[in-house]
Amino acid sequence: MAELNFDKVLASLRLRLDEVISENEFDEISKEYLGKDSLLSDERKKLSTLSKEDKKSYGEKLNQINKSISEKIIKSKQDFIEKKYSDLEDSEDEDVTINWVTKKGTHRHIISQVMDEVVDIFSSIGYKVAYGPEVETSWHNFDALNTPDWHPARYESDTLYTNTNLETLLRTQTSTVQIRHMENNDPPAYIVAPGRVFRSDQLDATHSPVFHQLEGLAIDKNLKFTDLKGTLEYFVKQFFGSEIETKFIPHFFPFTEPSAEVLVKWKNGEWLEILGCGMVDPNVLKHVGYPEEFQGFAWGVGIERLAMLKYQIDHIKNFYDNDIRFLEQF
Amino acid sequence: MKILKSWLNDWIDIENIDSNEISDALESLGFEIESRIDKIPNYKNIVVGKVLDIYEHPNADKVRVTKVDVGSKVYEIVCGAWNFDINAIVPVALPNSEIKDGFKIEKRDIRGVESNGMICSASELDLWDDHAGILKLSENTKVGSDFAKIYSSVDTIWEIGVTPNRGDCMSHLGIARELSRYFETPIKSNEIKLDPNIENVIKVNSGKTKFCNSYLSVEIENFDITDSDIKVRYRLSSVGVRVINNVVDYTNYVLHDIGQPLHAFDRDKLFGTVSVRKAKDNETLKTLDEQTRKLSNEDLIITDNDTPIALAGVMGGYNSEVTESTKNLLIESAYFDKVSIMKTSRRLNLISDASIRFERGIDYELQNKGLERFISVFKNDQNIYYSKISSSKKESISYEEVTFDKDDIFKILGVEMSDDFIKNTLSQLQIKSKVTSNKITFKSPSWRYDLERPIDLIEELAKHYGFNNFQSTLPVGNNLNNKGEYWYKRKYISELLSSNNFYEIQTLSFADSESNKIFSPEKNPVTVINPIDQTQENLRTNLLFSLINTYKYNYENNSVSHKYYEINNIYDDGKHKLYKNIPNQEYSLGFLIPEYETNTDSRGELIHNDIHSLTNFIKLLFPQVQFEQISRPGFHKNYSYILKLNNQIIGFMGKLSYKAQSSFNLDNSLYIMQINTENFNLNEVEVIKYQPLSSFPFIKFDLSFSVKNDFRASELIEYIETLLPNNENKISIFDNFRNEKSRNLGIRIVTRNYNKTYTDTESGDILDMIVENVQSKYSIKLNKSGNDAT
């Protein structure tokens, strides 16, 4: 009996598989070697003509070779797919360190963002935003805040005046809004007043004739110094993170008593002043005609100072130059 | 103010307390620490020497050769300083010694002469900055003694902030009193006993004025004007006072020691009674700085037989000045009214250590002690003759007793303080007090004019209790998560503009006169009477100038062309809408859109803006906005509009005029707008008008009208809306063709009735009705082609 030369078949299969360039060729190869018109199929047809013994042994041979071809094709197909994806991934090797899309920030000025953040913190504990004029009477900026004409504190800030009698001025502090608010609203009062203040300083790295403060005022029955402490500690932790340490040291402001400064412990271990505060002086409450059973506390915080600390901004001038390289960073 | 640990130790035993602990104490008592320097001995093997001989150097004329006796031996030393003579007592750095910063001194050859060490200056020994030459020691310093023993430089210098209410703390004694309570260590009394040995020659009188409560003086004879004692020079230099001579130094010393300013007169230049009064207007006085000052009736002056000789508490007079040839002294120690001193010193801009102390208020019982200490430190150094102290005092000032409820402490501070704590604190602060079961009565000591009211004493107790020992509680206000209209408006505008690639800017509020005039010549600006400079003499009357400047800055420096906005106040001289006595201020929004932006659109082309981009952004903010053409300075003739919301003017917008564009030197056209945010309510802006949906089919007409150039399409749309009142309408412009001769406006009307389907006839009738009405109302013509009903 003339048996098929299996080695030849396998050798031709190997060549065929090596030349595959497209995944769907594997189906063709299967058909070609194992299908109806394949050599193997022809051989199988011949089996019926063989003797019982030959039929059995040649049949087994054919089955073996059939299995072997089938496995080779499957294996080859798997390898081919594996290699295809591997090659594809090899070809994809971009330099991820290149920034094709440059960061352009939120388009909001950082001063506004910080004001928003501070307002949000206080709003979450029941404060409303109040505002007042920037060109103010000297009375609202000084006298009503317990700083009469002869008071040394009146000379500490270099005030810009807008009339020769010194009756109107550019407010030197947002504390004026305390007075405006209390004049027009009955207690209790829980307000924050972010806004511009002015000093007679030329714009440079560390000074600006215009800067921003946020004034806070809480007036109610039974507000105490311990409440002031808790409120400002809450703010500091919300703004700088709950790990930050704070301390309160005595200070002097004409319109609060007791007065304090709040310091935070910075990463380098340095203690930095970030806000001034105190219990509203009874004279201030008297000036606006609040009933005696009401008392409370007030504070003021510099917005640029907060922004400079939080974002490590070096020059105050940057806030007002509006250089696009600065604006884009926030 | 600077303070010295060794000096504080004169008043309270703190030498053995660690300087860190003292820093903590100072801070917790309310003295902000601006700086601190710890001095450690910085030199070795320095001895006291006496100069025996001085002669010329054979090969150099800038230095001399000296023979110096250092006790054990006589050395030849070359010296470059010229401020000493034979017999001077000086510090000598021997061979193998170390001076400041570990600098080693060895024997060395200086141009052929062997120099055995160095004669030292105060700076070289790290005592104080003094480049006048070598340090001369007192004549009775023992030759050969170890300099480190007679003079130890271990010390701490603090620079602290003293708040304006605490004039009493502006001296070493004042700080020591505060520390005394903190460390529970008593203040030393440092009593001085004087033994006057001459008669008083000059009469002094505190005058009739109420502004001088007491005027005291002492007279001194038989003294030399010379350097002051080394300890005084060290202490004064260390606290930043320039050393001059013994008389000046000792007055300064007393000021920094106990806080009493003194003034020295040359007694031989005084002729009668020294007294105090207010100056007359136009009276003059030549002060120490040789300037002739014109006085006002607010100035307090010292007179000699009624002739002005000094500005009380502020500056001495030239004619009674102490000079090198002064033989006899009159030393003044007075209590002047603080407001009076402040007004004079501020008006003349003469601010001194003395004036600052007077204006913050000094101890009204300190004047005698001031003179005692002056004599005491002077006679320690020289064998002087001095008189008894003459004194002219008015009925003495005294503080009232104040009583208040003990409960007030808890009511304000939120902590319970024990009676023991209260009593101890007040007694250690020398505040006389009585504490009963429910009341506290106190009387302020003579140096504490800041303790007038119960709240003052409560603050004092709180401070000594320690702010950091208070508990913290968090009260919640009454406006839960309601930030208010003002803030929401700002947020509304910011969010819309920022998300459309406008950059928010913050610019200064000032403008020069010219820039205000460009856009708002009709407004009178608010002027600053003491401006920082000429470009900042007015407050801005509009936001446009700052926007253009910012645009230009970034265009020129960073080659970028972007859209910007700013929300801030503008100001003018008119009346304020709400408040009396202040000028008008309008919280405004301004924005700027350049014709070409450096940003690209989705086709990769530079974004191009025109007048429609401007109107679109405004409609984004105010969907119901109406435009009304108006001519306005700085604006394009045709592209200048007033903006209205519900018939109320809210602002204006337009294109920068070509003339203004060229004067700003800009190659890009700019579209600008400004609105007053106070002129609208947020709820008016956000109104959404729902249009019900009809379930019937639409009919559609495309019409083309021949119109004039100044015809406004929006009017036509609004008018057609009124012609179809019961329908669901969608009316839009689809064409706006223009050439030199004519303009055609294409309008598309899509309309549905809410109740029925239109028949062809009805549809035709509607078309005719619209065309007829529009033609007759606007005198415009329908073009024949292009009108078909579908």
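Each remark here, short or long, concerns the structure printed above.
Residues numbered from 1 in each chain as written. Chains lettered and ligands numbered in written order. Predicted model: local features only at pLDDT ≥ 70, side-chain atom pairs only at ≥ 80, totals over all residues. Heavy atoms only, no water.

(A) Geometry of the overall build of chain A. A tally of helices and strands in chain A yields 13 helices and 9 strands. Taking 330 residues into account, the globule formula puts the C-alpha radius of gyration at 20 Å, and chain A, at 42 Å, lies well above it. When each of the 330 residues of chain A is scored for burial, the buried share is 54%. Excluding contacts between residues fewer than 6 apart, the proportion of contacts in chain A whose partners are at least 24 apart in sequence is 65%. (Helix = DSSP H or I, 4+ residues; strand = E, 2+ residues; numbered from the N terminus. Rg over C-alpha atoms; globule rule 2.2 N^0.38 Å. Buried < 20%, exposed > 50% of the residue type's maximum accessible area, 1.4 Å probe, protein only. Contact = heavy atoms within 4.5 Å.)

(B) Here's a closer look at the overall build of chain B. Scanning chain B for helices and strands turns up 20 helices and 41 strands. Over its C-alpha atoms chain B spans a radius of gyration of 42 Å, topping by over 25% the 28 Å that the globule rule assigns to 790 residues. Once the C-alpha set of chain B is aligned to its principal axes, its extents read approximately 135 × 80 × 55 Å. Going through the 790 residues of chain B one by one, you find that 55% of them count as buried. Taking the contacts inside chain B whose residues are at least 6 apart along the sequence as the reference set, 68% of them involve residues at least 24 apart. Counting every atom, chain B has about 37200 Å² of accessible surface; 46% of that belongs to carbon and sulfur. Averaging the coordinates of the 94 positive side-chain charges in chain B and doing the same for the 113 negative ones gives two points 3 Å apart. (Areas by Shrake-Rupley, 256 points an atom, 1.4 Å probe, with all protein chains shown as cover. Lys, Arg positive; Asp, Glu negative; His and termini not counted. Charge placed at Lys NZ, Arg CZ, Asp CG, Glu CD.)

(C) Highlighting the interface of chain B and chain A. Across the contact, 88 residues belong to chain B and 92 residues belong to chain A. Between chain B and chain A the total buried area reaches about 7700 Å² when both faces are included, carbon and sulfur atoms providing 58% of it. Contact with chain A buries area across many residues of chain B, yet B:Phe467, B:Tyr503 and B:Gln506 alone supply 9% of it, more than any other trio. Counting the contacts that link chain B with chain A gives 6 salt bridges. The salt bridge involving B:Glu27 is made with A:Lys247; its shortest N-O contact spans 2.6 Å. Scanning the region where chain B abuts chain A turns up 47 residue pairs in polar contact (both at pLDDT 80 or more). Top element by residues in the side of chain B that touches chain A is strand β29 (residues 563-575) of chain B. It accounts for 6 residues. For the side of chain B that touches chain A, the residue count by class is 37 nonpolar, 33 polar and 18 charged. (Buried area = accessible area lost by both parts, 1.4 Å probe. Salt bridge = Lys/Arg side-chain N within 4 Å of Asp/Glu carboxyl O. Polar contact = N/O pair within 3.5 Å; in protein donor to acceptor, adjacent residues only side chain to side chain. Nonpolar A, V, L, I, M, F, W, Y, C, P; charged D, E, K, R; others polar.)

(D) Main features of the nonpolar core. Formed by 135 residues in total, the largest nonpolar core has its most connected members in A:Phe122, A:Trp299, B:Leu413, B:Phe591 and B:Phe622. Dropping the residues within four chain positions of it, A:Trp299 is found in contact with A:Phe122, A:Tyr127, A:Val192, A:Leu214, A:Glu215, A:Gly216, A:Leu217, A:Leu232, A:Leu275, A:Gly276 and A:Cys277. (Core = buried A, V, L, I, M, F, W, Y, C linked by side-chain atoms within 4.5 Å.)

(E) Summary view of the sheet that holds strand β2 (residues 32-39) of chain B. All names here are of chain B. Spatial strand order, β1-β11-β2: 3 strands in an open sheet with antiparallel pairing. Edge positions in the open sheet fall to β1 (2-4) and β2, since each of these has one partner strand only. Mean inter-strand twist for the sheet, computed between neighbouring axes without regard to direction, equals 20°. Across the sheet, helix α5 (residues 230-238) touches β1, β2 and β11 (155-161), and the angle it forms with β1 is around 140°. (Pairing = 2+ DSSP bridges. Axes fitted to C-alpha atoms, helices over the stretch in contact; angles between N-to-C directions.)

(F) Just the pairing of strand β4 (residues 60-69) of chain B, in detail. Residue and element names in this part refer to chain B. Bridge analysis of strand β3 (residues 44-57) against β4 gives 7 bridges, and the strand direction is antiparallel. Across the sheet, the residue bridging to Lys50 is Asp69, located in β4. Linking two consecutive strands that pair antiparallel, namely β3 and β4, is a turn of 2 residues. Sheet topology places β4 next to strand β5 (residues 74-79); 6 bridges connect them, and they run antiparallel. When the bridges of β5 are listed, Lys67 appears paired with Glu76. Remark: 4 residues form the turn of the hairpin made by β4 and β5, two consecutive strands paired antiparallel; Gly71 in that turn has positive phi of roughly 95°.

(G) Structural view of the side chain of B:Asn516. Residue placement: B:Asn516 occurs in helix α14 (residues 513-519). Polar contacts involving the side chain of B:Asn516 include one to the main-chain carbonyl oxygen of B:Leu539, which spans 3.2 Å.

(H) Spatial organisation of the state of the cysteines. All names here are of chain B. On inspection of all chains with the given rule, the structure shows 0 disulfides over all chains. Here Cys79 stays free of any disulfide, with the sulfur of Cys120 as its closest cysteine sulfur at 9.3 Å. Overall, Cys79 belongs to the buried group, its relative accessible area being 6%. (Disulfide = S-S within 2.5 Å.)

(I) Layout of the pattern of salt bridges. Residue and element names in this part refer to chain B. Counted according to the given criterion, the structure contains 57 salt bridges over all chains. Between Arg267 and Glu219 there is a salt bridge; the shortest N-O distance is 3.0 Å. Of this pair, Arg267 sits in the loop between β13 (262-266) and β14 (274-278) while Glu219 sits in strand β12 (residues 212-221), and the two are 48 residues apart along the sequence. Classification of Arg267 by relative accessible area gives buried; the value is 9%. The partner of Arg277 in a salt bridge is Asp306, and the shortest N-O contact between them spans 2.8 Å. Taken together, the residues Arg277 in strand β14 and Asp306 in the loop between β17 (300-304) and β18 (307-311) connect sequence positions 29 residues apart. The structure contains a network of salt bridges with shared partners spanning Arg166, Asp168, Glu178, Arg448, Asp450, Glu460 and Lys463.

(J) The packing of aromatic side chains, seen in detail. All chains considered together, the criterion is met by 43 aromatic pairs over all chains. A centroid spacing of 6.2 Å and a plane angle of 85° characterise the contact between B:Phe467 and B:Phe470, whose relative ring orientation is edge-to-face. Look at B:Phe467 and you get buried, because its relative accessible area is 3%. Summarising the aromatic geometry, the rings of B:Phe545 and B:Phe664 are spaced 5.8 Å apart at their centres and angled 50° between planes, so their arrangement reads as tilted. One end of the pair, B:Phe545, is in helix α15 (residues 544-558); the other, B:Phe664, is in the loop between α17 (658-663) and β36 (670-676), with 119 residues separating them in the sequence. A relative accessible area of 8% means that B:Phe664 is categorised as buried. Aromatic ring contacts, followed pair by pair, group A:Phe122, A:Tyr127, A:Tyr190, A:Phe235, A:Phe239, A:Phe240, A:Trp266, A:Phe297 and A:Trp299 into a single cluster. (Phe/Tyr/Trp six-rings, centres within 6.5 Å; stacked < 30°, edge-to-face > 60°.)

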